[in-house]
Amino acid sequence: MDSREVGDLLDECLGAAEAAGRQSTGVSEAGPTTQERLNYCSCRDSLCAELASLLQEAMDMKWPFAPEKWQYKQSVSATDKTNLNDLISKHLSQLLDLLKACIRAEEAHCALAVVFLVDRYLYWTDDSSRLLKIAKLLHRRYPKTPIAPQLVIRQARVYFNSGKLQKAEYILSSLINNSGATGRWIYHSESDRVLVQAVSVQVRGTILQKLGLWLEAAELIWASLVGYYSLPQPDKKGIGTSLGILANILVSMNNEDFHAFRTNPDIDFTTQGTCLLSYSFSVECPDSQRQSFLQQAQEAFTIGLLTRAEGDLVTSKQELHTFLKAAYSLTVTHKWLGTPLEVVAQAVQACQNALSSFHSYCHAGTQDKDSLCTEIMHLVTQVKLLLRVKPFLNSDKGSFVPDSYRNVKDTSVNFTLASFAKIMRQLQKYHESLCETTDTHCRDAKDEIEMDRGRLCITALWTTTGTLNTEAQGGSHSSSVHMPQKPESTDILGSSWQEVSITSSGSPQPSRSYTGSSAIGHREGATNQSCLPTEDDEERSDDKSQSPHENKKRYKTAHSALHLKFSKATGLWTAMETCVYIGDSMGEKGTQRTTIWVQYLHQEERLSEYVGKDYLNPKQIQFPLKDVVRQMTAQYYVTEFNKSLYDKEVMAQIFFIPSEALLAT
């Protein structure tokens, strides 16, 4: 099915749910017609044996998350090496027809089981919003029908992706604090409750990651790993996801937080390509090992690019973004490994063109997405050809993991349900307070909880929350572009730099840490260029020293960029090469700056756009960088304030969004 067909079927299902919602609560007096009943039976009977079995297990609440065949197996056979999404994709039209028939026949239990089965696939293809609307309508009409924890957490993920952190945190904290209890859902084992808590902790860790609280985020992600490992059969899917998140968090940490995390006797961790690339440029990495780490990073990025061929249709923004990031990261790695600059330049250009197409894809109508996806994958293939990406020696045709990885000796871990329960008790104080705070301030939530406390789904499927009095969104929601003065550079990724100071909801992975006096100079071939001048330097600077033509604002184009972030705790700047798309002006103008949309490959929120500040007149680089320092200093003290409240058992939801800078060509 193409994107348009999926959208049409979802609209039909949504229309049926809205029509049902207009009737009185419960079964209508007339009930479904004979034809509607027959259609429902026909649709259900037409399912293949595997789907029919999955549907019945979903209705029986056999598992809180739809499982993969390989997810809980120690030894995976060839028949297990398929994903549930492949089965759902093949039969999606049939399943959505069944969903529509269920709704019209007033078979709510079966309808919500179908929603459960197709949820993960439709989230991956960016169609969760309509599916969750259907779930909300069915839940309101049939409040005694159970809703799977997977759907509850999906709503939290959607809120998180749209920036509604408070709503997401309420859902997650409720699940954590109540051992996964939600509405009428029945758990068949204690380990299923642990799984729901582990996933909830994992998602909450990504929220703290978004807020730039790296150490706290890493500790939560580690807690989720303990939960996944402690299950009777460890959850390999959950473990893999948490390890990937943890790797991204680690490369964003300052040295102090990283040391605190690394020296925790209860914690051990692994690496991925971005970590390896980052470490290869750190001062801790011995010169003799730098080449080896770059080669390991190259291998990791290459494996990611080999998972899809040019002709494959990728209908997910998340997956497309992952391919683009891997392609650009591989290009940067090749540059540092000595690949000819002309080849690197061509690969960079292909990545920039792909990012421009990806931005269009994110805003395209359903009918245009397939052609844009094909264009993006073609450009990714160009990068693979330019960099001579070839498959590794692999004896297993059902896997992309090279044989060399299979020779790594497994290390056993000794995590138990008791150890996970201990961690949950340590987190209990925070989650109890968050739930109490939210219940106090959210009138709609409180009213509905009182209607059927403990029986309705504890999810924003029905909750509408206002802004808490204790929550403050800090940081400026704007960004900037101008041409700073800079020495000549021979770096293929570093010519004619423009500056974009960006206020974002997270920080990408830096590839090297520096003091303020050499943050840009070392990477760009400059000598001792100061990022943060003294006050005397600032007073001597002349804004008019740059001519207007140097402030060329190239909107709606992609550029190579250097990402910079500042840590108040250490006084260090961290930097990483990335690719940025500078979008449209938002049409809002202040006395000094106007706002623009910005999207870049290494941003924390893959599915979001960031708001930037564009200076109306040329400014030297110290102005936006000092703005970043001021905002990150404020965030630091807000974080310290929150910690002091926590120590005193006084909870507050005060968030200060991190501020960052991009230097774009």
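First, a word on scope: everything that follows refers to the structure included in this document. The structure presented is a predicted model; accordingly, all values stated were derived computationally and were not measured.

## Here we look at the nonpolar core
Counting residues in each nonpolar core, the largest one holds 101 residues, and the members touching the most others are Leu55, Ile88, Leu99, Ile103, Ile134 and Phe261. Broken down by element, the residue count for this core peaks at twelve residues, all from helix α6 (residues 108–124). Apart from the residues lying within four places of it in its own chain, the contact partners of Ile88 are Leu51, Leu95, Leu117, Val118 and Tyr121. Of all hydrophobic cores here, the second largest spans 41 residues; its members include Leu277, Leu320, Ile376 and Met377.

## Re the pairing of strand β5 (residues 572–589)
Across eleven bridges, the pairing between strand β4 (residues 557–567) and β5 is antiparallel. Within β5, the position partnered with Leu562 by the bridge is Glu577. Connecting the antiparallel pair β4 and β5 is a turn made up of four residues, with Gly571 showing a positive phi of about 75 degrees. As defined by bridge partners, β5 adjoins strand β6 (residues 593–600) across five bridges and the pair is classed as antiparallel. Across the sheet, residue Lys589 finds its bridge partner in β6, namely Thr594. Where β5 folds back onto β6 in an antiparallel hairpin, the turn is made up of three residues.

## Re the packing of helix α10 (residues 190–210) against helix α11 (residues 214–230)
Helix-helix packing is described using two parameters, namely the angle between the two axes and the distance between the axes. Interaxial distance between α10 and α11 falls to 8 Å at its minimum, and their mutual angle equals 160 degrees. Considering their axes alone, α10 and α11 lie roughly antiparallel with respect to each other. Considering only the axes of α10 and α11, their crossing is left-handed. Residues Val194, Leu195, Ala198, Val199, Val201, Gln202, Arg204, Gly205, Thr206, Leu208 and Gln209 of α10 lie in contact with α11, whose contacting residues are Trp214, Glu216, Ala217, Leu220, Ile221, Ala223, Ser224, Gly227, Tyr228 and Ser230. Along the lines of polarity and charge, the residues of the contact of α10 with α11 split into twelve nonpolar, seven polar and two charged.

## Observations concerning the environment of Leu427
When you line up the elements, Leu427 lands in helix α20 (residues 417–441). Along the chain, Leu427 and Val201 lie 226 residues apart, while their C-alpha atoms are 9.7 Å from each other. Ignoring anything within four residues of it in the chain, the contact list for Leu427 reads Val201 and Leu220.

## Things to note about helix α8 (residues 149–161)
Between its first and last C-alpha, α8 extends 18 Å over 13 residues, near the 18 Å set by a 1.5 Å rise per residue. Counting buried positions over the 13 residues of α8 gives eleven, a clear majority of the element. Along α8, the residues classified as buried are Pro149, Gln150, Leu151, Val152, Ile153, Arg154, Gln155, Ala156, Val158, Tyr159 and Phe160. Buried residues belonging to α8 abut α6, α7 (128–141), α9 (165–177) and α10. Immediately beyond the C-terminal end of α8, within one or two residues, lies Gly163, with a positive phi of roughly 85 degrees.

## Description of the packing of α11 against helix α12 (residues 236–252)
Two numbers describe how α11 lies on α12: the axes approach to 9 Å, and their chain directions differ by 160 degrees. In terms of axis orientation, α11 runs roughly antiparallel to α12. Crossing of α11 against α12: the hand is left-handed. Counted together, Trp214, Ala217, Ala218, Ile221, Trp222, Ser224, Leu225, Tyr228 and Tyr229 of α11 and Gly238, Ile239, Ser242, Leu243, Ile245, Leu246, Ile249 and Ser252 of α12 form the full contact between these two elements.

## Quick word on the pattern of salt bridges
The full count for this structure, using the stated rule, is 14 salt bridges. With a shortest N-O distance of 3.2 Å, Lys62 and Glu57 are connected by a salt bridge. Through salt bridges with shared partners, one network takes in Arg593, Lys613, Asp627 and Arg630.

## Focus: the pairing of strand β7 (residues 610–615)
Counting buried positions along β7 yields six of six residues, so the element is predominantly enclosed. Strand direction decides the pairing type here: β6 and β7, joined by six bridges, are antiparallel. Residue pairing for β7: Thr594 is matched across the bridge by Asp614.

Criteria and cut-off values
- Residues numbered from 1 in each chain as written.
- Predicted model: local features only at pLDDT ≥ 70, side-chain atom pairs only at ≥ 80, totals over all residues.
- Heavy atoms only, no water.
- Core = buried A, V, L, I, M, F, W, Y, C linked by side-chain atoms within 4.5 Å.
- Buried < 20%, exposed > 50% of the residue type's maximum accessible area, 1.4 Å probe, protein only.
- Helix = DSSP H or I, 4+ residues; strand = E, 2+ residues; numbered from the N terminus.
- Contact = heavy atoms within 4.5 Å.
- Pairing = 2+ DSSP bridges.
- Axes fitted to C-alpha atoms, helices over the stretch in contact; angles between N-to-C directions.
- Parallel < 35°, antiparallel > 145°, perpendicular 65-115°, else oblique.
- Left-handed = near helix turned anticlockwise from the far one by under 90°.
- Nonpolar A, V, L, I, M, F, W, Y, C, P; charged D, E, K, R; others polar.
- Expected span 1.5 Å × (residues − 1).
- Salt bridge = Lys/Arg side-chain N within 4 Å of Asp/Glu carboxyl O.

All we've got here are geometric facts, nothing functional implied.
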